[in-house]
Amino acid sequence: MKLTEEQQLAVECTEPRFTIAASAGSGKTRVLTERYIRHVVDQGLSPHQILTISFTIESAAEMKARITSRLRDLGRIADAQAAEVGPIQTLDSFCRQILQTNALDAGVDIGISLLPGNHSVFRDAAQRVLDSALAEDQLGQKLQELYLDQPDYLQSDLLRLIQFRRERPLPIRELTAQGLAQQYYQLIETEDPAMLPMLMEGKTRGWIPKGGAPGDETLAMQCQLETMAQEAIAICQEEMMRRQEFDFLEIARLAVNLVQENEDARNRLRKQFAAMLVDEAQDLNDYQYELINALQIPQEMLVGDIKQSIYGFRGAAPRLFSDRLASLPVLQLHKNHRTSEPGILQFVRDNLGQALPDESMVGFDLDEVTNYSGVELWAAGNPAKEPKRLAAFVETYLLEKNVPPGDVAILVWQHSDSKPIADALQALGIPAGVIGGRKFHSVPLIRDAANLLELIGNPRHEFRLFAVLRSPIVGLSLDAVLLLQATGDLWNALHEPPADLPPEEQAMIAHFLGWFEDLSTNGDRLSAWEALSSVMERSQLMQAVARMTNRFQNMANLRKLLERAAQYAHLRPTDFAEFIRHAQWDDDREGQAQTVSLQDPVVKVMTVHGAKGLEFPVTILASEKGPPHRNRGLVVHRPSSLACIAPQFPKSWPSSFLQFLKAREEIAENSRTHYVAFTRAKRGLIINIGTTDLDNQTGSPVSLIRELTAHEVIPAGLVIRESPLRLG
């Protein structure tokens, strides 16, 4: 297929450093592929000289597949083979590679181990700093009073600030209340200038609390918290270096420091690479932009779409992409080639155009006559409460439109809504599956595995032993375990079980001891992967899982657990169990193992964030986004790099101002997230507007849609479905 004129201009651009602003579905991946081909074919570069960066492992794999396929089509087999092993990767992977190839200069082991996710190093550092401040009476009376009723919030706020400062250092040299105040005044002058005189005069307006609420004490307390955060960060960095285990953020920091400060390392990289291609540039974080700027590779093309920047919670810095757009030559990829139904694009433009004022929005090349053909609005209720109703709507749609299930994706905001929807569809005989997710480490079977791994190190741990005996690993009945426990020593009772214990239960115990005691004896010499492999081979776990109703998911989860244990092959059984526990205690963003793929002929249910970069013939946005989560305590504003504690009473203007900015930013990101959801559709876009409990959320795209449907005259082409059995 021939490139469009704007795509051709991007591929052939002769500017050494430039940026492409690419709307959804505009063919940016094709442009990146053809730009790569141009570097190889026209400029004679080797694939090893072209640093190609993508946001995720999956998108990097897709990019590599496209590039190698294109090279083979051109008969350049050697180049295709070189590209297979060449630097087409994520920035996380590239940073790790920088440290490995410059290990001596960076002061790290050449093997660089990843710190297990959610490791206690950060909590331990925070607690150490807090204990020291309390012991030396340096915490300050005001700060102690602020957290007096909820002391756990102090550690929580400190941990949040530690993570925030690791992503975005404080933008001032001298940490004083006066220095912080100057940062706020400058920000107010930029973001809300009319309020600055009123603040100085102590007037109550907008975000300024009653009486102006002096912020001196708040800023002084924030300085104390900032100081403790810096001390804790230094402890964390020292501990990671001592352990030679680093998380991705620390790997990025070390890589940036190396490139910025070590001329030899910097020159080696510049000599190695002649061109750089970066995808999804709107989602890069501060360190990643610093690295790109420090490398100064001769030819540099970044591609992104500010309207699709939806990863602020992961540290994405869209403001830096905007700065780049303003400072370097820019080419536009306007036209959407994904969506074949113009009515969908017109609907997106009309409902999001004001919320996303970007000139690429007008590039949809649409008629002025309103026609929303391809768009449906459903009154399907709240899928979290009544997934069966949504499933009935889907069933009717598939039958009426003759759409195969594999063409449909249902997008949700929270992963917890996915499985009930998939189950409801399956109950109607519609093949469906969940893509992505969270809470892998909290699945009962994974918790059982963690209990067993801890038990290997301490067989007499009463709680762990009780849990393992009741789990599918052993399979004793509750009555049997209680009978054993009644002896007063559960471990000893296994070796001398009560005479009235049923023979089948005694056989289970004998089988368990037969493999477990051997495993426990050698546990300190085994890796977690070896221990788990032995359990799956010698216990009756796999047979028990095969009898479960959700056996396919559980089998997949066990395989994933083994793969994760192999990834951290240096961890002993008890260490890996600790890794699982920490993941459970924290956010546990890890998804369960996949039992369906994007290629399977089933309805795919996934989150909006998980759908980014994908496309589907029919996209159903199942629900409206819930209200933003309001944390008590620390308020962080990523664009300005400012953070402030938020006392409940009296309120202070610094925290109120940051909350005002944060709310405004959340509205903007909400619109961008809707843009991502709407633009996944190729020929059918369905939006469920039946979540009436969210009707009062003014300013959201779905509230604007409800206003649209409130009029007596429905726009041409728009279908409103109020019942799963008939068209409205």
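Everything here concerns the structure above.
Predicted model, so just to flag it, every value in this text is computed and none were measured.

1. Remarks on the overall build of the protein
Of the regular secondary structure elements, the protein holds 31 helices and 17 strands. For the protein, with 728 residues in total, the buried portion stands at 53%. Here the analysis covers contacts within the protein between residues at least 6 apart in sequence; of these, 76% occur between residues at least 24 apart. Per element, the accessible surface of the protein, about 32,800 Å² overall, is 51% carbon and sulfur.

2. Some thoughts on the packing of aromatic side chains
For the structure shown, the criterion picks out 15 aromatic pairs. Taking the centre distance of 5.2 Å and the plane angle of 40° together, the rings of F55 and Y311 count as tilted. Remark: Y311 occurs in the loop between strand 7 (299–304) and helix 16 (318–327) and F55 occurs in the loop between strand 2 (50–54) and helix 3 (57–73); sequence separation between them is 256 residues. Of the aromatic side chains, those joined through ring pairs into one cluster are W491, F512, W515 and F516.

3. Observations concerning the sheet that holds strand 17 (residues 719–721)
The strands making up a sheet associate through hydrogen bonds between their backbones, and the pairing can be parallel or antiparallel. Ordered by their spatial adjacency, seven strands build an open sheet running 11-12-10-13-16-9-17, and the pairing between neighbours is parallel. In this open sheet, the two edge strands, each paired with only one partner strand, are strand 11 (432–434) and strand 17. Recorded for the sheet is a direction-independent mean angle of 20° between the axes of neighbouring strands. With three bridges joining them, strand 9 (residues 375–378) and strand 17 adopt parallel strand pairing. Note on strand 17: the bridge partner recorded for E376 is V719.

4. A word on the pairing of strand 13 (residues 616–621)
When you tally the buried positions in strand 13, you get six out of six residues, the bulk of the element. In this structure, strand 10 (residues 408–412) lies alongside strand 13, joined through four bridges in parallel fashion. Directly across from I410, in strand 13, lies its bridge partner I620. With five bridges joining them, strand 13 and strand 16 (residues 681–688) adopt parallel strand pairing. Counterpart to L621 in the pairing with strand 16 is I687.

5. A word on the state of the cysteines
Applying the stated criterion across every chain yields a total of zero disulfides. Just so you know, C223 is unpaired, no disulfide at all, and the nearest cysteine sulfur is the one on C644, 9.7 Å from it. According to the relative accessible area criterion, C223 is buried, its value standing at 9%.

6. Points about the packing of helix 20 (residues 444–457) against helix 21 (residues 462–470)
Two elements in contact, helix 20 and helix 21, have axes whose closest approach is 9 Å; the angle formed by their N-to-C orientations is 130°. If you check the angle between helix 20 and helix 21, you find them oblique. Both helix 20 and helix 21 take part in a crossing whose hand is left-handed. When helix 20 is examined against helix 21, the residues D448, N451, L452, E454 and L455 are found in contact with a partner set consisting of F463, R464, L465, A467 and V468. Split into classes, the residues belonging to the contact of helix 20 with helix 21 amount to six nonpolar, one polar and three charged.

7. As for the packing of helix 18 (residues 387–401) against helix 19 (residues 418–427)
Between helix 18 and helix 19, the least distance of the axes is 8 Å, while the angle of their chain directions is 55°. Relative to helix 19, the element helix 18 lies oblique. For the pair helix 18 and helix 19, the sense of crossing is right-handed. Across from P387, K388, L390, A391 and V394 in helix 18, the residues of helix 19 making contact are P420, I421, A424 and L425. Its residues assigned to classes, the contact of helix 18 with helix 19 shows eight nonpolar, no polar and one charged.

8. Considering the sheet that holds strand 3 (residues 88–90)
Strands sit in the order 3-2-6-7-1-8 across an open sheet of six strands; the sheet is parallel. Each of the sheet's edge strands pairs with one partner strand only, and the pair in question is strand 3 and strand 8 (330–333). The mean inter-strand angle of the sheet, taken between neighbouring strand axes irrespective of direction, is 20°. Sheet strands in contact with helix 5 (residues 91–101) are strand 2 and strand 3, and its direction is about 100° off that of strand 3. Here helix 16 sits on the sheet and contacts strand 1 (17–22), strand 7 and strand 8; the angle it forms with strand 1, its principal contact strand, is near 120°.

9. Comments concerning the nonpolar core
Counting 112 residues, the largest nonpolar core has F94, F512 and F576 as the members making the most contacts within it. Excluding residues within four positions of it along the chain, F94 makes contact with L51, I53, Q89, L269, F273, L291 and L295. F347, V348, L621 and A677 belong to the second-largest nonpolar core, a separate cluster that totals 31 residues.

10. Points about the environment of L483
Relative to the helices and strands, L483 is located in helix 22 (residues 478–485). Taking the relative accessible area as the measure of exposure, L483 reaches 29% and is therefore partly exposed. In sequence terms L483 and A493 are 10 residues apart; their C-alpha atoms lie 9.2 Å from each other. The residues touching L483, leaving out its near neighbours within four places in the chain, are P498, D500 and L501.

11. Overview of the pattern of salt bridges
On inspection of all chains with the given rule, the structure shows 35 salt bridges. When the shortest N-O distance is used, the salt bridge between D286 and R319 registers 2.7 Å. One end of the pair, D286, is in helix 15 (residues 286–295); the other, R319, is in helix 16, and 33 residues separate them in sequence. Given a relative accessible area of 14%, D286 falls into the buried group. Where R721 meets E400, a salt bridge forms, and the shortest distance between an N and an O atom there is 3.2 Å. Of this pair, R721 sits in strand 17 while E400 is found in helix 18, placing the two residues 321 residues apart along the sequence. The exposure class assigned to E400 is partly exposed, which follows from its relative accessible area of 43%. Overlapping salt bridges bring together K28, D279, E280, D283 and K612 as one network.

12. What to know about the pairing of strand 12 (residues 603–607)
In terms of residue burial, strand 12 counts as a mostly covered element, since five of its five residues are buried. Side chains V603, V605 and T607 project from strand 12 onto one buried face, and the interleaved K604 and M606 project onto a second face that is buried too. As paired strands, strand 10 and strand 12 are joined by four bridges and run parallel to one another. Across the sheet, residue I410 finds its bridge partner in strand 12, namely V605. Where strand 11 and strand 12 come together, three bridges link them in parallel fashion. From the neighbouring strand, V434 faces strand 12, where its bridge partner is V605.

13. Describing the environment of M536
For M536, the position within the fold is in helix 25 (residues 528–538). The buried category is assigned to M536, whose relative accessible area is 14%. When the C-alpha atoms of M536 and L562 are compared, they prove to be 9.9 Å apart, with 26 residues separating the residues in sequence. If we ignore the near neighbours within four places in the chain, the residues touching M536 are L541, M542, L558 and L562.

About the criteria used
Just so you know, the residues in each chain are numbered from 1, in the order the chain's sequence is written. In view of the model being predicted, local features appear only for residues whose pLDDT reaches at least 70, and side-chain atom pairs are presented and counted only at 80 or more, with totals across whole chains, interfaces and linings using the full set of residues. The side-chain values count all of the structure's non-hydrogen atoms but skip hydrogen atoms and water molecules. Strands here are runs of E lasting at least two residues and helices are runs of H or I lasting at least four, both read from the DSSP assignment and numbered beginning at the N terminus. Burial classes: relative accessible area under 20% of the type maximum marks a residue as buried, over 50% as exposed, and values in between as partly exposed (1.4 Å probe, protein chains only). We call two residues in contact whenever any of their non-hydrogen atoms come within 4.5 Å of each other. Under the convention used here, a 1.4 Å probe and the Shrake-Rupley method define accessible areas, while residue burial counts only the protein chains that appear. Under the pairing criterion, centres of Phe, Tyr and Trp rings, with the six-membered ring standing for Trp, must be within 6.5 Å; the plane angle then separates stacked pairs below 30 degrees from edge-to-face pairs above 60, leaving the rest tilted. Two strands pair under a simple rule: DSSP has to find at least two bridges between them. Angles run from 0 to 180 degrees between N-to-C directions of axes, and those axes are lines fitted to C-alpha atoms, restricted for helices to the stretch in contact. Disulfides are defined as pairs of cysteine sulfur atoms found within 2.5 Å of each other. Oblique is the label for every angle not falling under 35 degrees (roughly parallel), over 145 degrees (roughly antiparallel), or within 65 to 115 degrees (roughly perpendicular). With the far helix as reference, a near helix turned anticlockwise by less than a right angle produces a left-handed crossing, and one turned clockwise produces a right-handed crossing. Polarity classes work like this: nonpolar for Ala, Val, Leu, Ile, Met, Phe, Trp, Tyr, Cys and Pro, charged for Asp, Glu, Lys and Arg, and polar for all others, with Gly in that last group. Among the buried residues, those of types Ala, Val, Leu, Ile, Met, Phe, Trp, Tyr and Cys that are joined through side-chain atoms within 4.5 Å form a nonpolar core. The salt bridge criterion pairs a side-chain nitrogen of Lys or Arg with a carboxyl oxygen of Asp or Glu, the two atoms within 4 Å.

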